[in-house]
Amino acid sequence: MNDIDSSSIRSSTNFRKIVMSRSVLLSASALVVATLMLGACSKSAPSSDTSASASKPSLSSALSPAAVQQAAKTASLPQPDLATPDSAYVEISKGSQLLFLYAAFSGLPANYDKMAESYSIDYYLTSDAFKKHDLLKTLQPSLDAGVADAKAHRYITYTDDSPEIGHYDFANHTFAVGETLFQQGQGIRFSDSIVHDGSMYELSNGISLVMTNGEAFQQLHVTDQAKARAIEATLGQLHMRIFAFIQSTGDNGYTTVQAVVTKVQLLDLHGQVLLEDTAAQNKGEQ
């Protein structure tokens, strides 16, 4: 995946204190923050006589050193087994999970101090060097266990409870999907909420989850009219579950965990699967 411009995103490795009120009491559930990771650029639609040629890369561009290098890099990455059962996928909903995934697959030595800063509120709030030293010794086994568990579970899922799904396109037999993870150069971050001394703290480690092939799922093809009708009737009430496989990490300006989508499911309010689109499917036949 291409490196992302670090000037277009703010670093957010911090704790933000939030005063608790009776009307809002958040548990330690994750707060998902969709983050724009690349400055948007507007493109005018190509004219009818140039759209075909514009959509196809030239032979020279396909054989350019940069393209060849990128293709070689992609081919060298571990690839998912598309026959992996759903039960092997682990739901991602916390920032600490991305913290451990990055440590597991970055290939870098574990930075325990940095990990503890965004993992433990006590460690973050302590300025005493001796207390930090003692706390780190206590935290290290938990950090090691988290990394080991992440390394053993590189198949992940993420559920969007309010996906942006467009109305059915009869001409193309598709539903357009506006999911952040399916946009080039975009990703999401997770913030964990921690209650400490009667106040709420939002823990964020600044790590973003990115899907390298998300653009392939921006259009969900449904030729079955009965199925399309059922999906159309429940727009605004659907959930979208994204299945993915962790391939690599990135750290050029800011930190990412990079995954490849293996399949996408649309579910109704009762959890029934209305549509499943996989990376192995012919996008035009469903």
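Please refer to the structure placed before this passage.
Quick caveat: nothing in here was measured; it's all calculated off a predicted structure.

**Student:** Which residues make up the side chain of Q265, and what values go with them?
**Tutor:** Positionally, Q265 belongs in strand 11 (residues 255–267). There is a polar contact of 2.6 Å between the side chain of Q265 and the side chain of E276.

**Student:** Got a sec to walk through the pairing of strand 12 (residues 273–278)? Specific residues and values, please.
**Tutor:** Relative to strand 12, strand 11 runs antiparallel, the two sharing 5 bridges. Along strand 12, the bridge assignment pairs V264 with D277. Taking the residues between adjacent antiparallel strands as the criterion, strand 11 and strand 12 are bridged by 5 residues, where G271 takes a positive phi near 85°.

**Student:** Could you give an account of the packing of aromatic side chains, with specific residues and numbers?
**Tutor:** Applying the stated criterion to the full structure yields 8 aromatic pairs. Ring geometry for Y168 against F170: centres 5.0 Å apart, planes inclined by 85°, an arrangement best described as edge-to-face. Looking at Y168, the relative accessible area reads 11%, which means it is buried. Residues Y168 and F175 carry aromatic rings whose centres are separated by 5.0 Å and whose planes lie at 50° to one another, so their mutual orientation is tilted. According to the relative accessible area criterion, F175 is buried, its value standing at 0%. Taken together, the aromatic side chains of Y89, Y155, F243 and F245 make up a single cluster linked through ring pairs.

**Student:** Please give an account of helix 4 (residues 95–105) that cites residues and values.
**Tutor:** With 11 of its 11 residues buried, helix 4 lies for the most part within the structure. Considered for burial, the residues of helix 4 that qualify are G95, S96, Q97, L98, L99, F100, L101, Y102, A103, A104 and F105. Remark: G107 follows helix 4 within two positions and exhibits a positive phi of approximately 80°.

**Student:** I'd love a proper account of the environment of N172, names of residues and values included.
**Tutor:** Within the fold, N172 resides in the loop between strand 4 (155–160) and strand 5 (174–176). Along the backbone, N172 and T223 are 51 residues apart, and their C-alpha atoms lie at a distance of 8.8 Å. A polar side-chain atom of N172 sits 3.0 Å from a polar atom in the side chain of D169.

About the criteria used
- Residues numbered from 1 in each chain as written.
- Predicted model: local features only at pLDDT ≥ 70, side-chain atom pairs only at ≥ 80, totals over all residues.
- Heavy atoms only, no water.
- Helix = DSSP H or I, 4+ residues; strand = E, 2+ residues; numbered from the N terminus.
- Polar contact = N/O pair within 3.5 Å; in protein donor to acceptor, adjacent residues only side chain to side chain.
- Pairing = 2+ DSSP bridges.
- Phe/Tyr/Trp six-rings, centres within 6.5 Å; stacked < 30°, edge-to-face > 60°.
- Buried < 20%, exposed > 50% of the residue type's maximum accessible area, 1.4 Å probe, protein only.

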